Amino acid sequence: MRISRLFMLAMAGIALLGIGCNSFPKQQTDEAIQAVMSEFNAVGISAAVVKDGKIVYNNSFGYKDLATKAPLSNDDVMRIASISKSFTATSLLQLVDKGVISLDDDVSDLIGFKIRNPHHPDIPITLKMVLSHTASIKDKADYFTLDHLNPAVYGNCVESYFTYKPGEGYNYSNMGLNLAGTILEKVSGVRFDEYVKKNIIEPLGLYGGHNVDLLDSDKFARIYNFRNGEYVESTGAYRSTADAMADYKFGYSSPIFSPTGGVKISAYDLAKYMIMHMNYGEYGGVRIISEQSAKLMQTPVSSSGYGLCLTEFDDKVEDEKYKAPGNYLIGHTGGAYGLSSIMIWSPADGWGIVAMTNGWTSVKGKNFLNELTNAIYQACIAEK
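Here we summarise the structure given alongside this text. Residue indices begin from 1 for each chain and proceed along its sequence in written order. Given that this is a predicted model, residues contribute local features only at a pLDDT of at least 70 and side-chain atom pairs are listed and counted only at 80 or more, while totals for whole chains, interfaces and linings are drawn from all residues. Only hydrogens and water are set aside when side-chain values are computed; all heavy atoms of the structure are taken into account.

### Focus on the overall build of the protein chain
Scanning the protein chain from N- to C-terminus turns up 12 helices and 14 strands. Here the C-alpha atoms of the protein chain give a radius of gyration of 20 Å, agreeing with the 21 Å that 2.2 N^0.38 yields for 384 residues. The principal-axis extents of the C-alpha atoms in the protein chain amount to approximately 60 × 45 × 40 Å. Taking all 384 residues of the protein chain together, 57% fall into the buried category. Of the contacts formed within the protein chain by residues at least 6 apart in sequence, a portion of 69% connects residues at least 24 apart. We count a stretch as a helix when DSSP gives it H or I for four or more residues in a row; a strand needs E for two or more, and each element gets its number in order from the N terminus. Throughout, the radius of gyration refers to the C-alpha atoms, and the reference size of a globule is 2.2 Å times the residue count to the power 0.38. Accessibility here uses a 1.4 Å probe with only protein chains present; expressed as a share of the type maximum, an area under 20% marks a residue as buried, one over 50% as exposed, and anything in between as partly exposed. By definition, residues are in contact when any of their heavy atoms lie within 4.5 Å.

Structure (structure tokens):
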């Protein structure tokens, strides 16, 4: 189904009220988002803007469900894909803060079976390497099982590793973060999804989590891929784990919850979570991780600019001040099933943007997330 420009204009009139102070350019921001939405024929977009530790804008546009024509609201939740990695890393750093584990620990000791790059069998793969994507672990088509890293299943697992030494190269690895989530479960003694809910989601007063069966499905913004000229719903985005739970093996089956990309949350609540990281581990009087650990997450480990599940950006906004070393923006993006999401902020200037869409079409020569983020920045943050 193609979304007409007439619909876009109609939705402009019924868009939910934003949250903000009287001086915030709400209408200008609304119009900037709607322009990007129209250009990319997006299904729906939710966005939030943070300034000086407060959410000053939150608005949603378009559809949450193309079949029912239900409008997307600020309370609806969306799978945010790889931004979820930062929730996994934050959880593990809580255990580092408590002295339960160390970032320098050999993941073999943490998970309970030998994990080694067969090209370099004498070099331990550490937790820090896994969280920074420097562990030399390759992604497999099916990264929702640890079998590909388990010698008891695949011998030396040679096809699951790059040839460079662990710690000496960067390759983004969803498999690695599903391993990290399983380590969280193994060492905490709490099932992965429950740990994140009890130690991050609930203390911050958020609604969301990894386990779709514990969330209100009426709040899910349906996710769509654009194929052969029409939008097709990606039913796997909110697949129940109920059947898989029958054979759940504690400390091994955690990938079914997707530590690498499974968080479902609204833009508003993701903005609260972002503020916690902007404040180096604290939000609303609640400390989630130590200031030291929060800063460590934002510090690049490799030349890629990637830290511990947070990364530097120099291409998301058209402002030269944020393209200089030491003044880059920080955050993470996500993309899966047709959705795209971004959480990005300026450590130097105290502003941040969260935005997500449940479906969009490509435009030649343009990057959707870059266009959306820059449009919001230019509308309400950039100096005029």
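Moving on from the model shown.
### Overview of the packing of aromatic side chains
In summary, the pairing rule links any two rings of Phe, Tyr or Trp, Trp by its six-membered ring, whose centres are within 6.5 Å, and it sorts them by plane angle into stacked for under 30 degrees, edge-to-face for over 60 and tilted for everything else. Under the definition given, this model contains 17 aromatic pairs. Between Phe-162 and Tyr-164, the aromatic rings sit 5.6 Å apart at their centres with planes inclined by 15°, giving stacked as the arrangement. With a relative accessible area of 24%, Phe-162 lands in the partly exposed category. Between the aromatic rings of Trp-360 and Phe-368, the centroid separation amounts to 5.0 Å while the plane-to-plane angle is 15°, which identifies the pairing as stacked. Among the aromatic residues, those joined into a ring-pair cluster are Phe-40, Trp-360 and Phe-368.

### Regarding helix H10 (residues 267–278)
Between its first and last C-alpha, H10 extends 16 Å over 12 residues, near the 16 Å set by a 1.5 Å rise per residue. Summarising burial for H10: 11 of the 12 residues are buried, a large majority. If you check which residues of H10 are buried, you get Ala-267, Asp-269, Leu-270, Ala-271, Lys-272, Tyr-273, Met-274, Ile-275, Met-276, His-277 and Met-278. Downstream of H10 by one or two residues, Tyr-280 has phi in the positive range, about 55°. Helix span, as expected, comes to 1.5 Å for every residue beyond the first.

### Digging into the nonpolar core
Throughout this description, the term nonpolar core refers to a set of buried Ala, Val, Leu, Ile, Met, Phe, Trp, Tyr and Cys residues connected via side-chain atoms within 4.5 Å. In this structure, Phe-87, Leu-127, Leu-131, Leu-179, Leu-270, Tyr-273 and Met-343 are the most contacted members of the largest nonpolar core, which totals 79 residues. At eight residues, the largest contribution of residues to this core is made by H10. Phe-87 has contacts with Ile-80, Val-196, Ile-200, Ile-201, Val-263, Ile-265, Leu-270 and Tyr-273, leaving out every residue within four places of it along the chain. By size, the runner-up hydrophobic cluster in this structure holds 32 residues, among which are Ala-32, Ile-353, Leu-372 and Ala-375.

### Description of the sheet that holds strand S11 (residues 311–313)
A strand pair is defined by DSSP finding two or more bridges across the two strands. Strand order across the open sheet formed by seven strands is S3-S2-S1-S14-S13-S12-S11, with antiparallel pairing between neighbours. Two strands bound the open sheet, and with one partner strand each, they are strand S3 (70–71) and S11. Two elements, S11 and strand S12 (residues 329–336), share three bridges in a ladder whose sense is antiparallel. The partner of Phe-313 across the bridge, within S12, is Leu-329. The sheet contacts of H10 involve strand S1 (44–51), strand S2 (54–65), strand S13 (339–345) and strand S14 (351–357), and relative to S14 the element is tilted by about 145°. Here an angle of 0 to 180 degrees is reported between the N-to-C directions of two axes, which are lines fitted to C-alpha atoms, with helices fitted over the stretch in contact.

### Here's the deal with helix H2 (residues 26–39)
Relative to the 20 Å expected for 14 residues at 1.5 Å per residue, H2 spans 20 Å between its end C-alpha atoms, a close match to the ideal helical length. For H2, every residue scored as buried is listed here: Thr-29, Asp-30, Ala-32, Ile-33, Gln-34, Val-36, Met-37 and Ser-38. Immediately downstream of H2, the backbone of Asn-41 shows phi near 50°, a positive value.

### Observations regarding the pattern of salt bridges
Just to be clear on terms, a salt bridge is a Lys or Arg side-chain nitrogen sitting within 4 Å of an Asp or Glu carboxyl oxygen. The full count for this structure, using the stated rule, is 10 salt bridges. Between Glu-159 and Lys-140 there is a salt bridge, with the nearest N and O atoms lying 3.7 Å from each other. Highlighted residues: Glu-159 in the loop between helix H6 (151–154) and helix H7 (174–188) and Lys-140 in the loop between helix H5 (127–131) and H6, separated in sequence by 19 residues. You can call Glu-159 exposed: its relative accessible area is 60%.

### Thoughts on the packing of H2 against helix H12 (residues 368–380)
Where H2 contacts H12, the axes come no closer than 8 Å and their chain directions differ by 160°. What the angle tells us is that H2 and H12 run roughly antiparallel. In terms of crossing hand, the pair formed by H2 and H12 is right-handed. Contacts from Gln-28, Thr-29, Ala-32, Ile-33 and Val-36 of H2 reach H12 at Phe-368, Glu-371, Leu-372, Ala-375, Ile-376, Gln-378, Ala-379 and Cys-380. Considered class by class, the residues forming the contact of H2 with H12 number nine nonpolar, three polar and one charged. In this scheme, roughly parallel covers angles under 35 degrees and roughly antiparallel covers those over 145, while 65 to 115 is roughly perpendicular and the rest are oblique. Helix crossings fall into two classes, left-handed where the near helix is turned counterclockwise from the far one by less than a right angle and right-handed where it is turned clockwise. Classification convention: Asp, Glu, Lys, Arg as charged; Ala, Val, Leu, Ile, Met, Phe, Trp, Tyr, Cys, Pro as nonpolar; all other residues, Gly among them, as polar.

### A word on the packing of helix H3 (residues 84–97) against H10
One can describe the packing of H3 onto H10 by two numbers: an axis separation of 12 Å at closest approach and a directional angle of 45°. As judged from the angle between their axes, H3 and H10 are oblique. The two elements H3 and H10 meet at a crossing, and its hand is left-handed. Across from Ser-86, Phe-87 and Thr-90 in H3, the residues of H10 making contact are Leu-270, Tyr-273, Met-276 and His-277.

### Considerations on the environment of Lys-316
Position of Lys-316 relative to the elements: it lies in the loop between S11 and S12. Separated by 80 residues in sequence, Lys-316 and Gly-236 place their C-alpha atoms 29 Å apart. Beyond its immediate sequence surroundings of up to four residues, Lys-316 is in contact with Thr-333, Ile-342, Ile-344, Asn-370, Thr-373 and Asn-374. Side-chain polar atoms of Lys-316 contact the side chain of Asn-370, separated by 2.8 Å. Between N or O atoms, a polar contact is any pair within 3.5 Å; within protein, one atom must be a potential hydrogen donor and the other a potential acceptor, and residues adjacent in sequence are included only when both atoms are from side chains.

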